[in-house]
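In case you want the letters, here they are:
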Amino acid sequence: MAAMARVRNIVVLTGAGVSAESGIDTFRGAGGLWESHRVEDLATTEAFARDPELVLRFYDMRRAAIQTKQPNEAHVAIARLDAEWRGRLLIVTQNVDDLHERGGARRVLHMHGEHLNAWCTACDTRSRWTAPLIERPPCPSCGARAMRPDVVWFGEMPYRMDEIHATLREVDLFVSIGTSGAVYPAAGFVRTARDLGARTLELNFERSQGSAWFDETRLGPATELVPAWVDEILAGA
Ligand code: BV8
């Protein structure tokens, strides 16, 4: 990357590609999660209303699966950046796994929710949850058997958007890692950052749908690209 004006504030956006080498399915790649399941059948409030058992089983399977996986070198490198970067840093993840946290990252924002939280539709409480939901267990707070995955479905508003936009307004460097740029509003963040004068870098296995908006795109596996980029940015800090 060409010599940059001093970078102080970084936003990192991650998608399923950062967890792919940990063995967690991506959504749109070969054998991706959605290919064996129609999105419309699983990740919408309508689907949940129409067939709650199907949706609960889908998320129970994925919640259990992530608990058997480990963070990879990309998660660990992002955590090293988090620990050593003296400026502002926000790791906005579209992922609902907990591998950023288990890799050691702290400044993580799950804009699409988290597998390991359950959301009670009766009392609105969110509880840490690692077990299945298919049996409709009672909410720890109100006892109602009304919990759903605490995951943002299509047509639902992603979490903490005000905070994300406030951070993007101050960003100097926006780095997108392992996302296809297929889903909004996340896919639009690069344009917001660019329009506000930030430099933009994409680290991905293949060009994303938003590649044209990035100053630079590096292609390859996250476990190679991300540690190398973190070394570079910390050396120039
Ligand atoms: C909203 C949680 C508005 C659930 C997810 C038309 C009809 C209906 C809706 C829309 C429409 N047009 C636009 C919309 C809006 C819609 C949308 O964008 N749809 C798309 C499909 C067109 N968006 C929404 O509905 C959002 N909400 O707009 O609300 C609103 C306004 C007011 C009031 C209320 C509401 C909500 C979107 C969130 C949906 N939930 N996930 C779950 O996980 O089950 S989205 C899902 O896709 C994932 O969370 C993921 O974040 C997201 C994007 O996928 P990626 O992470 O990018 O993964 P993908 O497989 O696509 O790509 C992986 C990439 O990694 C690839 O590029 C691959 O090359 C790369 N890779 C693979 N291996 C590696 C690698 N890179 C590096 N190393 C490797 N080893």
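These numbers come from a predicted model, not from an experiment.

Quick look at the overall build of the protein
Summing up its helical and strand segments, the protein has 10 helices and 9 strands in all. Taken over C-alpha atoms, the radius of gyration comes to 18 Å for the protein, in line with the 18 Å a tight globule of 237 residues would show. For the C-alpha atoms alone, the extent of the protein along its principal axes is close to 55 × 35 × 30 Å. For the protein, buried positions account for 54% of its 237 residues. Across the protein, every contact between residues at least 6 apart in sequence was considered, and the portion connecting residues at least 24 apart equals 64%.

Quick look at the sheet that holds strand 5 (residues 126-128)
Ordered by their spatial adjacency, 3 strands build an open sheet running 5-4-6, and the pairing between neighbours is antiparallel. Here the strands that pair on one side only, and so sit at the sheet edges, are strand 5 and strand 6 (147-151). Going from strand to strand, the sheet's axes swing by 45 degrees on average, the running direction of each strand aside. Here 3 bridges tie strand 4 (residues 113-120) to strand 5, and the two strands are oriented antiparallel to one another. For A118, the partnering residue across the bridge sits in strand 5 and is S127. Sitting on the sheet, helix 5 (residues 52-66) touches strand 4 and strand 6, and the angle it makes with strand 4 is about 135 degrees.

Points about the site of the ligand
Close to the ligand lie 34 residues, the nearest being F27, R28, R62, T179 and S180. At a separation of 2.7 Å, an oxygen atom of the ligand approaches a polar side-chain atom of Y59. In this structure, S180 approaches the ligand through a side-chain N or O atom, which is 2.7 Å from an oxygen atom. In isolation the ligand offers 1500 Å² of accessible surface; the protein chains occlude 73% of this area. Only helix 1 (17-20) and helix 5 provide two or more residues apiece to the shell around the ligand. Residue classes in the shell around the ligand are distributed as 18 nonpolar, 11 polar and 5 charged. Structurally, the shell around the ligand is a two-domain feature, drawing no fewer than three residues from each of domain 1 (4-23 + 71-112 + 158-235) and domain 2 (32-68 + 113-151).

What about the nonpolar core?
Core analysis: the biggest nonpolar cluster contains 26 residues, and I10, L81, I177, V226 and W229 have the highest contact counts within it. Going through the elements one at a time, strand 1 (9-14), helix 6 (73-84), strand 2 (88-93), strand 7 (173-177), strand 8 (199-204) and helix 10 (222-235) are the ones with two or more residues in this core. When residues in this core are grouped by element, the largest group, 7 residues, is from helix 10. Excluding anything up to four places from it in sequence, I10 contacts W85, R88, L89, L90, V171, L173, W229 and I233.

Observations regarding the packing of aromatic side chains
Counted under the stated rule, the structure contains 4 aromatic pairs. Note on F58 and Y59: the rings are 5.0 Å apart at their centroids and 75 degrees apart in plane angle, and the pair reads as edge-to-face. An identical accessibility class is assigned to F58 and Y59; each is buried. Both rings, one in Y59 and one in W153, keep their centres 6.0 Å apart while their planes meet at 50 degrees; by these two values the pair is tilted. Remark: W153 occurs in the loop between strand 6 and helix 8 (161-168) and Y59 occurs in helix 5; sequence separation between them is 94 residues. Exposure class is identical for Y59 and W153. Each is buried. Against the face of W119 rests R126, its NZ or CZ located 4.2 Å from the ring centre. It is R148 that lies over the ring of W153; its NZ or CZ is 3.8 Å from the centre.

Looking at the environment of T93
Relative to the helices and strands, T93 resides in strand 2. For T93, a relative accessible area of 0% translates into the label buried. Along the backbone, T93 and T179 are 86 residues apart, and their C-alpha atoms lie at a distance of 9.8 Å. Setting aside anything within four residues of it in sequence, one finds T93 in contact with T14, H100, V108, L109, H110, M111 and H112.

With respect to the sheet that holds strand 9 (residues 216-219)
Read from one edge to the other, the open sheet built from 6 strands follows the order 3-2-1-7-8-9, with strand pairing classed as parallel. Every other strand in the sheet has two partners, leaving strand 3 (108-110) and strand 9 as the edge strands with one partner each. Strand-to-strand twist across the sheet, computed as the mean angle between neighbouring axes with direction ignored, equals 15 degrees. Pairing between strand 1 and strand 2: 6 bridges, direction parallel.

Calculation notes
- Residues numbered from 1 in each chain as written.
- Predicted model: local features only at pLDDT ≥ 70, side-chain atom pairs only at ≥ 80, totals over all residues.
- Heavy atoms only, no water.
- Helix = DSSP H or I, 4+ residues; strand = E, 2+ residues; numbered from the N terminus.
- Rg over C-alpha atoms; globule rule 2.2 N^0.38 Å.
- Buried < 20%, exposed > 50% of the residue type's maximum accessible area, 1.4 Å probe, protein only.
- Contact = heavy atoms within 4.5 Å.
- Pairing = 2+ DSSP bridges.
- Axes fitted to C-alpha atoms, helices over the stretch in contact; angles between N-to-C directions.
- Near = heavy atom within 4 Å.
- Polar contact = N/O pair within 3.5 Å; in protein donor to acceptor, adjacent residues only side chain to side chain.
- Areas by Shrake-Rupley, 256 points an atom, 1.4 Å probe, with all protein chains shown as cover.
- Nonpolar A, V, L, I, M, F, W, Y, C, P; charged D, E, K, R; others polar.
- Domains from an automatic or database assignment.
- Core = buried A, V, L, I, M, F, W, Y, C linked by side-chain atoms within 4.5 Å.
- Phe/Tyr/Trp six-rings, centres within 6.5 Å; stacked < 30°, edge-to-face > 60°.
- Lys NZ or Arg CZ within 6 Å of the ring centre and 35° of its normal.

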